[in-house]
Amino acid sequence: MLLRAGWRRAALFVTVAPGPRPTVPSRGLRLSVVDDAPQSAVPTDAAAAPEAEVGLRPLYMDVQATTPLDPRVLDAMLPYLINYYGNPHSRTHAYGWESEAAMEHARQGVARFYKSRKKHVITTQTEHKCVLDSCRSLEAEGFRVTYLPVQKSGIIELKELEAAIQPDTSLVSVMTVNNEIGVKQPIAEIGQICSSRKVYFHTDAAQAVGKIPLDVNDMKIDLMSISGHKIYGPKGVGAIYIRRRPRVRVEPLQSGGGQERGMRSGTVPTPLVVGLGAACEVAQQEMEYDHKRISKLADQLIQKIMKSLPNVVMNGDPEQHYPGCINLSFAYVEGESLLMALKDVALSSGSACTSASLEPSYVLRAIGTDEDLAHSSIRFGIGRFTTEEEVDYTVEKCVQHVKRLREMSPLWEMVQDGIDLKSIKWTQH
Amino acid sequence: MAVAGAGRLRRAASALLLQSPRLPARELSAPARLYHKKVVDHYENPRNVGSLDKTSKNVGTGLVGAPACGDVMKLQIQVDEKGKIVDARFKTFGCGSAIASSSLATEWVKGKTVEEALTIKNTDIAKELCLPPVKLHCSMLAEDAIKAALADYKLKQEPKKGDAEKK
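Residues numbered from 1 in each chain as written. Chains lettered and ligands numbered in written order. Predicted model: local features only at pLDDT ≥ 70, side-chain atom pairs only at ≥ 80, totals over all residues. Heavy atoms only, no water.

Side note on helix H11 (residues 388-407) of chain A
Selection criterion: Under the scheme used here, helices are H or I runs from DSSP no shorter than 4 residues and strands are E runs no shorter than 2 residues, and both carry numbers assigned from the N terminus. To estimate how far a helix should extend, the number of its residues minus one is multiplied by 1.5 Å. Burial status follows relative accessibility: with a 1.4 Å probe on protein chains alone, a residue under 20% of its type maximum counts as buried, one over 50% as exposed, and anything between as partly exposed.
In this model, H11 of chain A (20 residues) spans 29 Å end to end at C-alpha, consistent with the 28 Å of a helix rising 1.5 Å per residue. Those residues of H11 of chain A that sit buried are Glu 390, Val 391, Tyr 393, Thr 394, Val 395, Lys 397, Cys 398, Val 399, His 401, Val 402, Leu 405 and Arg 406 of chain A.

As for the sheet that holds strand E3 (residues 85-93) of chain B
All names here are of chain B. In plain terms, the rule: In this analysis, strands are considered paired if DSSP registers two or more bridges between them. Helix axes use the C-alpha atoms of the stretch in contact, all axes being lines fitted to C-alpha atoms, and the angles between their N-to-C directions lie in the range 0 to 180 degrees. Only heavy atoms enter the contact rule, under which two residues are in contact if any of them lie within 4.5 Å.
Pairing within the open sheet is antiparallel, and its 3 strands lie in the order E1-E2-E3. Of all strands in the sheet, those bounded by a partner on one side alone are strand E1 (59-66) and E3. If you compare each strand with its neighbour and ignore which way they point, the axes differ by 10° on average. Inspection of the sheet shows strand E2 (residues 71-79) paired to E3 by 8 bridges, in the antiparallel sense. Considered in E3, the bridge of Gln 76 is made with Arg 89. Against the sheet, helix H4 (residues 96-109) touches E2 and E3, its axis set at about 175° to E3. Its contacts with the sheet place helix H7 (residues 136-157) against E1, E2 and E3, and it is angled at close to 145° to E1.

Brief notes about the packing of H4 of chain B against H7 of chain B
All names here are of chain B. Just so we agree on the cut-off: For classification purposes, angles smaller than 35 degrees are called roughly parallel, those larger than 145 roughly antiparallel, those between 65 and 115 roughly perpendicular, and all remaining angles oblique. Two helices cross in a left-handed way if the nearer one is turned anticlockwise from the farther one by less than a right angle. They cross in a right-handed way if the turn is clockwise.
Orientation of H4 relative to H7, taken along the N-to-C sense of each, is 40°, at an axis distance of 9 Å. Comparing the axis directions of H4 and H7 gives the class oblique. The handedness of the crossing between H4 and H7 comes out as right-handed. Residues Ser 97, Ala 98, Ser 101, Ser 102, Ala 105 and Val 109 of H4 touch H7, and the partners they reach there are Cys 138, Ser 139, Ala 142 and Ile 146.

Some thoughts on the pattern of salt bridges
The test is simple: Salt bridge criterion: a side-chain nitrogen from Lys or Arg within 4 Å of a carboxyl oxygen from Asp or Glu.
Counted according to the given criterion, the structure contains 20 salt bridges over all chains. Where salt bridges share partners, they join Asp 70, Arg 72, Glu 286, Asp 290 and Arg 384 of chain A into one cluster.

Considering the pairing of E1 of chain B
Residues and elements named next belong to chain B. Most of E1 sits inside the fold, with 8 of its 8 residues counted as buried. Bridge analysis of E1 against E2 gives 8 bridges, and the strand direction is antiparallel. When the bridges of E2 are listed, Thr 61 appears paired with Gln 76.

So, the confidence of the model for chain A
All names here are of chain A. The criterion, for reference: What pLDDT conveys is the predictor's confidence in a given residue, as a value from 0 to 100.
Across chain A, pLDDT averages 82, with 82% of residues at or above 70. Here residues 14-19 is a poorly scored stretch, pLDDT under 50, and it has 2 contacts once near neighbours within four places are set aside; other chains count. Across residues 21-53, where pLDDT falls below 50, the model places 53 contacts with residues more than four positions away in sequence or in other chains.

Structural notes on a positive patch on the surface
This is how it is decided: Exposure above 30% relative accessible area and the absence of a salt bridge qualify a residue for a patch, where like charges join within 9 Å and nonpolar side chains (Val, Leu, Ile, Met, Phe, Trp, Tyr) within 5 Å. Accessible surface area values rest on a Shrake-Rupley calculation with a 1.4 Å probe, where residue burial reflects the displayed protein chains alone. Counted as positive: Lys and Arg. Counted as negative: Asp and Glu. His and the chain ends are not counted at all. The atom standing in for a charge is NZ when the residue is Lys, CZ when it is Arg, CG when it is Asp and CD when it is Glu.
Residues Arg 244, Arg 245, Arg 247, Arg 249 and Arg 261 of chain A make up a contiguous surface patch of positive charge. Its location among the elements puts Arg 247 of chain A in the loop between strand E8 (238-242) and strand E9 (251-252).

A few points about the state of the cysteines
Residues and elements named next belong to chain A. Put simply, the test is: Our working definition of a disulfide is a cysteine sulfur pair at a distance within 2.5 Å.
Applying the stated criterion across every chain yields a total of 0 disulfides over all chains. Cys 398 provides the cysteine sulfur closest to Cys 325, a residue in no disulfide bond, and the two sulfurs are 15 Å apart. The exposure class of Cys 325 is buried, given its relative accessible area of 1%.

Some points on unusual backbone geometry
Residues and elements named next belong to chain A. A cis amide bond, omega -5°, links Arg 245 with the succeeding residue Pro 246. Following the sequence through the fold, Pro 246 ends up in the loop between E8 and E9. Positive phi outside glycine occurs at Asn 311, with the angle close to 55°. Relative to the helices and strands, Asn 311 resides in the loop between helix H7 (270-308) and strand E10 (312-314). Even without a glycine there, the phi angle at Tyr 332 is positive, about 75°. In this structure, Tyr 332 sits in the loop between strand E11 (325-330) and helix H8 (335-341).

This is the structure we're talking about:
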């Protein structure tokens with residue numbers, strides 16, 4: 001026994017001793033050490049590749065695109081994927097009952113506008129593409145849609161909203177937090193205006209739920225969209241809040257078995273719904289702490305970058321802003337080339353090269369950003385699992401590569417020589 | 001012994017579960033995957049970044065593109081008395097493909113005469129870098145930059161033609 005104890009102690013010693021970098025990435029989020037030396041892009045034999053390569057993945061700084069599953073959410077979902085597999089609509093046995101009970105946590109329904117005589121819809125120019133696309137298809141069906149412009153800060157002008165409401169306006173749709181620039185719209189004031197003018201108010205809260213406090217009664221919200229995978233829940237599930245008093249009537253998009261009070265037919269996917277519910281619960285608990293921590297990290301990121309680099313512009317209002325979504329424009333450096341340089345960090349850009357057309361982001365255009373700055377923008381996403389180490393690394397690499405790319409930029413050179421770029425007649429191509 | 005075995009098992013399990021172990025780390029980041037390795041190479045190790053003295057009579061400067069389009073290339077060539085391009089430098093504001101196209105352009109013009117350099121086509125640049133269709137305009141801009149630099153040089157060689165600056 002003494003021998004075994006000794007062996008165990010020796011074994012402990014062996015595993016703890018500093019050696020080559022740890023090969024198992026923790027939860028796929030961390031990058032232990034990054035090898036900066038140019039590697040051969042030709043895939044080498046796995047056995048010959050250095051051990052460290054197996055554990056290396058880019059840092060994830062794109063939480064607005066999607067979020068990793070919170071481990072607590074996975075814990076909540078697993079039983080429903082393995083054990084409690086009943087159909088929640090089965091009335092006659094325990095499997096169905098237990099599944100239904102789990103489902104009751106997060107109600108789900110996908111709704112459509114009630115096509116009454118009111119044919120006018122108001123939205124903003126900076127909505128998410130899915131909302132703009134839906135509005136476009138409504139226009140094709142005969143609705144009239146007003147796209148409200150936004151100010152330079154990204155926030156809509158309340159007076160313009162009031163002026164735009166007409167007798168036949170049925171719905172106003174304004175997103176709570178913008179996914180590209182992180183700007184918060186004045187939801188409470190908009191809700192007030194809409195309820196006083198008897199117009200339904202819908203808000204796309206996908207980026208806001210679980211991150212900032214939302215009260216549908218205080219803010220007079222009638223309809224609210226929630227997305228599972230933006231709040232550390234599973235992909236493939238979302239929810240819509242539909243107010244009961246005063247009643248909001250909606251017409252179902254898909255017909256069928258009449259589930260979800262006839263508003264969304266189709267068997268409810270219990271594991272996904274349980275995951276969404278768990279994600280919301282966890283978010284409720286963690287909201288204050290997350291917000292404080294993310295604000296601190298965001299401040300650090302912005303301060304460090306602004307201190308080390310000149311000519312950096314933050315897009316969007318600095319006050320009415322969700323801290324976890326930072327959109328910065330690095331003048332004289334093109335966004336996609338910077339993303340390519342930051343290959344160890346997963347980021348997103350508002351530049352054209354990342355979209356199929358040569359047009360830069362419409363959100364940046366709507367807030368009046370100069371076109372060349374729009375091509376130079378990068379979005380940094382800080383989330384619940386982002387560490388200070390990751391932020392520091394990102395800042396360091398970003399500063400290093402922006403400096404390098406500016407050395408390669410003819411625009412930077414011209415500005416250093418004192419030439420005003422706006423005075424030049426560029427060739428078109 | 002058991003520890004080492006367990007470690008190997010753990011590594012194998014994690015490799016299987018978490019990701020494909022056959023891909024080197026770099027290929028996991030999205031922009032790199034969309035780029036051919038030649039483009040990445042030109043980007044990481046750009047050849048001939050810099051500037052030549054634009055007031056010199058032997059230097060031709062071509063500035064093409066527009067910041068509003070997200071692509072600006074400046075290509076400079078230095079030509080000797082025999083009409084051969086002895087040096088070339090570039091600076092680019094643009095995506096990885098644009099940087100690679102202009103870097104390749106400077107590599108190709110070196111050692112050519114002014115007439116030979118005019119024959120460089122954007123299709124050759126695109127083929128060499130395996131540019132996808134959406135990035136073909138980068139190679140076109142590189143060709144334009146070469147032609148603009150050569151035109152500027154020719155203008156400067158005109159005897160006392162006044163302002164040789166191309167702006």
